[in-house]
Amino acid sequence: MDGMQQKEGGMTAPRAEGTTKQHLIDPEICIRCNTCEATCPIGAITHDENNYVVDPGTCNACGDCISPCPTGAIDNWFVVPAAFSLEEQFSWQELPPRPPQPAAGDASDALDAEAAALLEEAHRGAGGKARAPSTAAKPKVNLFNRASPATAKVTGNIRVTKSGTSSDVHHIILDFGAVPFPVLEGQSIGVVPPGADANGRPHAMRLYSVASARDGEKPGANNLALTVKRVAEPRSDGSVFHGVASNWLCDLKVGDTLGVIGPFGTTFLLPEEPEADVIMICTGTGSAPFRAFTERRRRLAQGGTASAGGKLHLYFGARTPEELPYFGPLQKVPPAVLAQELVFSRLPDRPKEYVQDRMRARPAELAALLAKPRTHIYVCGLRGLEAGVDAALEEIGAAHGFDWPSLRAEMREQGRFHVETY
Ligand code: FAD
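Per chain, residues are indexed from 1 in the order of the written sequence. For this predicted model, a pLDDT threshold of at least 70 governs which residues receive local features, and a threshold of 80 or more governs which side-chain atom pairs are given and counted, while totals over whole chains, interfaces and linings are taken from all residues. Side-chain measures here rest on the full set of heavy atoms in the structure, leaving out hydrogens and waters.

Focus on the overall build of the protein
The condition that has to hold: Helix and strand definitions follow DSSP, with helices as H or I runs of at least four residues and strands as E runs of at least two, each counted in order from the N terminus. In this setup the radius of gyration rests on C-alpha atoms only. A globule is expected at 2.2 Å times the number of residues raised to 0.38. Relative accessibility decides the category of a residue: with a 1.4 Å probe and only protein chains considered, values under 20% of the type maximum give buried, values over 50% give exposed, and everything between is partly exposed. Any two residues whose heavy atoms approach within 4.5 Å are treated as being in contact. All tallies of charge rest on Lys and Arg as positive and Asp and Glu as negative; His and the ends of each chain are not included. Here the site of a charge means atom NZ of a Lys, CZ of an Arg, CG of an Asp or CD of a Glu.
Assigned secondary structure in the protein consists of ten helices and 18 strands. In terms of overall size, the protein behaves like a compact globule, its C-alpha atoms giving a radius of gyration of 22 Å where 422 residues would be expected to give roughly 22 Å. If one aligns the C-alpha atoms of the protein with their principal axes, the spans along those axes are about 75 × 50 × 50 Å. The buried share of the protein, reckoned over its 422 residues, is 50%. Partitioning the contacts of the protein with sequence separation of at least 6, the portion at a separation of at least 24 is 72%. Computed over 42 positive and 50 negative side-chain charges, the inter-centroid distance for the protein is 8 Å.

In structure tokens:
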């Protein structure tokens, strides 16, 4: 059997040939408080008069149930040759003996807490609990971890901002060879830079958004691309601070290999329904997931399965066209798939313009989009973007008859308002 495929009867996170990682609740420790069942966003947890159990066919290992559990009974992950059924779990008085676990999996069977914390922080701007679009495809998460990452080979690393500008952004293609690394548009992957931090400990994991569609850079390829900005910040003493992971990634050569962790992310996903309008607001590398969204919709349109009226609407800000990642390729995306508002803040002889200014420029269009029940908004990039976007939407709402804070709360509840900032 292909080790990454789901098996009938349910599997959570398939691992090696013929095994899967299954989420289980310890009946001896569980106090039957119902917190996990109430927390699970996809209804994977259920109970009878005896036990609380996890449906292996539904659980996507998102980890939302882990920290609310008051006892820790929820946090059990077995690598098993075949998933325990619901009936088996209902009958247990205690967990069955743990089968022999893969050597590398011991320390890492738990959900990746490092990645979960980074994502929680990145999604904080959405307020409350981040929710996936109701029609999003089911993502795979936590397939590879620090102890046993997937090995990827760099098959491309090119700068996508003009050389000579201060914004050095690279399009880096990672190929997984024969090892399946399934991703959905909007998910992230993790990398750990080589070496040690200032305290001699292994570096923390960094997350990077997947910039390609789920079927790879070219349809059918087992690869994905990242959009990485080289962090180089002048210090007050005149020296320059070089970000550890971004510089390592941007300096990788074609043929180099690296470990990749993940995939991660269960909410910042594209709605599958082609009728959905999608407003995408970004600066810099915040464009990475939107490149993935665009490629997905473009391929669907080419295949004739889109678009039943839904369109992508991109508000993308940079200082100049030379500093806007993917400026050239963007010009080739059919307008029927993507409406583009490219906004520049440092053009000679032009007043500064930011994405929120452009949003205000044609408020009626945005108001009309927001009035549709299937419209989604995504904000991605540097954290500073959020306040400006919120202020613009509040103003547009005041002039066009809606209260943005209330609408935002409603959209968030319905999985239609998404923020990923860092
Ligand atoms: P670090 O070495 O971690 O430094 C980060 C910052 O810390 C610096 O900018 C600096 O301000 C400060 N700093 C740390 N040490 C010092 C020091 N000694 N002196 C002075 N300042 C210091 N990034 C992308 O480029 N593309 C993406 O698609 C992307 N997607 C992301 C998705 C998510 C969900 C998240 C959470 C983050 C994403 N990031 C992305 C950001 C990325 O994870 C890294 O944070 C970023 O690349 C910087 O990492 P670094 O190791 O280069 O910098």
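Still more ground to cover, so stick around.
Overview of helix α10 (residues 404-413)
Side chains that are three or four residues apart share a direction in an α-helix, a result of its 3.6 residues per turn. How we decide: Comment: arc refers to directions from the helix axis out to C-beta atoms.
Of the residues making up α10, those classed as buried are W404, L407, R408, M411 and R412. One face of α10 carries all of its buried residues, which in axial projection span an arc of 135°. The secondary structure elements touched by the buried residues of α10 are α8 (363-370), β17 (376-381), α9 (385-400) and β18 (417-421). Immediately downstream of α10, the backbone of G415 shows phi near 65°, a positive value.

Focus: the site of the ligand
Operational definition: One heavy atom within 4 Å of a molecule or strand makes the whole residue count as near it. In the analysis that follows, any N or O atom pair within 3.5 Å is treated as a polar contact, provided that within protein one partner can donate a hydrogen and the other can accept it, and provided that, for residues neighboring in sequence, both atoms belong to side chains. To be clear on the numbers: accessible area is Shrake-Rupley with a 1.4 Å probe, and residue cover counts the displayed protein chains and nothing else. Here a cavity denotes grid points, spaced 1 Å and computed from the protein atoms alone, that fit a 1.4 Å probe unable to get out, and a pocket denotes an open set having protein on both sides within 12 Å along at least 5 of 7 lines; residues with an atom within 4 Å of a point are the lining. What decides whether a molecule sits in a cavity or pocket is whether more than half of its atoms lie within 2 Å of the grid points. Residues are grouped as follows: Ala, Val, Leu, Ile, Met, Phe, Trp, Tyr, Cys and Pro are nonpolar; Asp, Glu, Lys and Arg are charged; all remaining types, including Gly, are polar. Note that the domain bounds reflect an automated or database-derived domain assignment.
Neighbouring residues of the ligand: 21 residues in total, closest L207, Y208, E233, A245 and S246. The side chain of E233 places a nitrogen or oxygen atom 2.7 Å from an oxygen atom of the ligand. V244 has a polar backbone atom sitting 3.0 Å from an oxygen atom of the ligand. For the ligand, the protein covers 71% of the area, taking 970 Å² as the surface of the free molecule. Here the ligand occupies the largest pocket. Listed by contribution, the elements that provide at least two residues to the shell around the ligand are β9 (206-209), β10 (223-229) and α4 (244-250). With four residues, the top contributor of residues to the shell around the ligand is β9. Across the shell around the ligand, the residue classes tally to ten nonpolar, six polar and five charged. No fewer than three residues from each of domain 2 (150-264) and domain 3 (267-421) sit in the shell around the ligand.

Some words on α9
Filter applied, for reference: Helices are assigned an expected span. That span is 1.5 Å times one less than the residue count.
Spanning 16 residues, α9 covers 23 Å between terminal C-alpha atoms, matching the ideal 22 Å at 1.5 Å per step. Burial in α9 covers these residues: L385, E386, G388, V389, A392, L393, I396 and G397. Next to the buried residues of α9 lie β14 (278-283), α7 (355-361), α8, β17, α10 and β18. Following α9 by one or two positions, G401 adopts a phi angle in the positive range, close to 80°.

A closer look at the domain arrangement of the protein
Domain assignment breaks the protein into domain 1 (20-91), domain 2 (150-264) and domain 3 (267-421). Taking only C-alpha atoms, the centre of domain 1 and the centre of domain 3 are 37 Å apart.

Things to note about the sheet that holds strand β6 (residues 150-159)
Cut-off, in case you're wondering: Here, a strand pair is defined by DSSP locating no fewer than two bridges between the strands. Axis geometry follows a simple rule: fit a line to the C-alpha atoms, using only the stretch in contact for helices, then measure angles between N-to-C directions, giving values from 0 to 180 degrees.
Read from one edge to the other, the open sheet built from six strands follows the order β9-β8-β13-β6-β7-β10, with strand pairing classed as antiparallel. Where the open sheet ends on each side, the last strands, each with one partner, are β9 and β10. Between one strand and the next, the sheet's axes are offset by a mean angle of 40°, whatever the strand orientation. Two strands pair when backbone bridges link them, and β6 and strand β7 (residues 169-175) are joined in this way by six bridges, in the antiparallel orientation. The residue bridging V154 from the neighbouring strand is L174, located in β7. Sitting on the sheet, helix α3 (residues 113-122) touches β8 (188-191), β9 and β13 (257-264), and the angle it makes with β9 is about 60°.

Here we look at empty space enclosed by the protein
The criterion, for reference: Grid points are joined across faces, edges and corners, and a volume is the space filled by probe spheres set on the points.
Under the defined criterion, the tally for this structure stands at six cavities of 30 Å³ or more. Forming the boundary of the largest cavity are 16 residues, of which H23, C40, C59, C62 and C65 lie nearest the centre. For the lining of the largest cavity, a count of residues per class yields twelve nonpolar, three polar and one charged. Computed from the structure, the second largest cavity encloses a volume of approximately 70 Å³.

A look at the state of the cysteines
Our working definition: Working definition: a disulfide is two cysteine sulfur atoms within 2.5 Å of each other.
By the definition in use, this model includes zero disulfides. Left unpaired, C33 is separated from the closest cysteine sulfur, that of C69, by 6.3 Å. Overall, the relative accessible area of 38% leaves C33 in the partly exposed class.

What to know about the pairing of strand β15 (residues 312-318)
The element β15 is largely enclosed, with a buried count of seven among its seven residues. The alternating pattern of β15 places L312, L314, F316 and A318 on one face and H313, Y315 and G317 on the opposite face, and all of these are buried. Pairing between β14 and β15: six bridges, direction parallel. Along β15, the bridge assignment pairs T283 with G317. Pairing of β15 with strand β16 (residues 338-344) involves seven bridges; the strand directions are parallel.

Focus on the layout of surface pockets
Its volume calculated, the largest pocket comes out at about 1,400 Å³. Lining the largest pocket we find 50 residues, and of these K229, T285, G381, L382 and Y422 sit closest to its centre. Going through the elements one at a time, α3, β9, β10, β11 (232-234), α4, β15, α7 and β18 are the ones with two or more residues in the lining of the largest pocket. Residue classes in the lining of the largest pocket are distributed as 21 nonpolar, 17 polar and twelve charged. Among the domains, domain 2 (150-264) and domain 3 (267-421) are the pair contributing at least three residues each to the lining of the largest pocket. In this structure, the second largest pocket occupies an estimated 700 Å³ of space.

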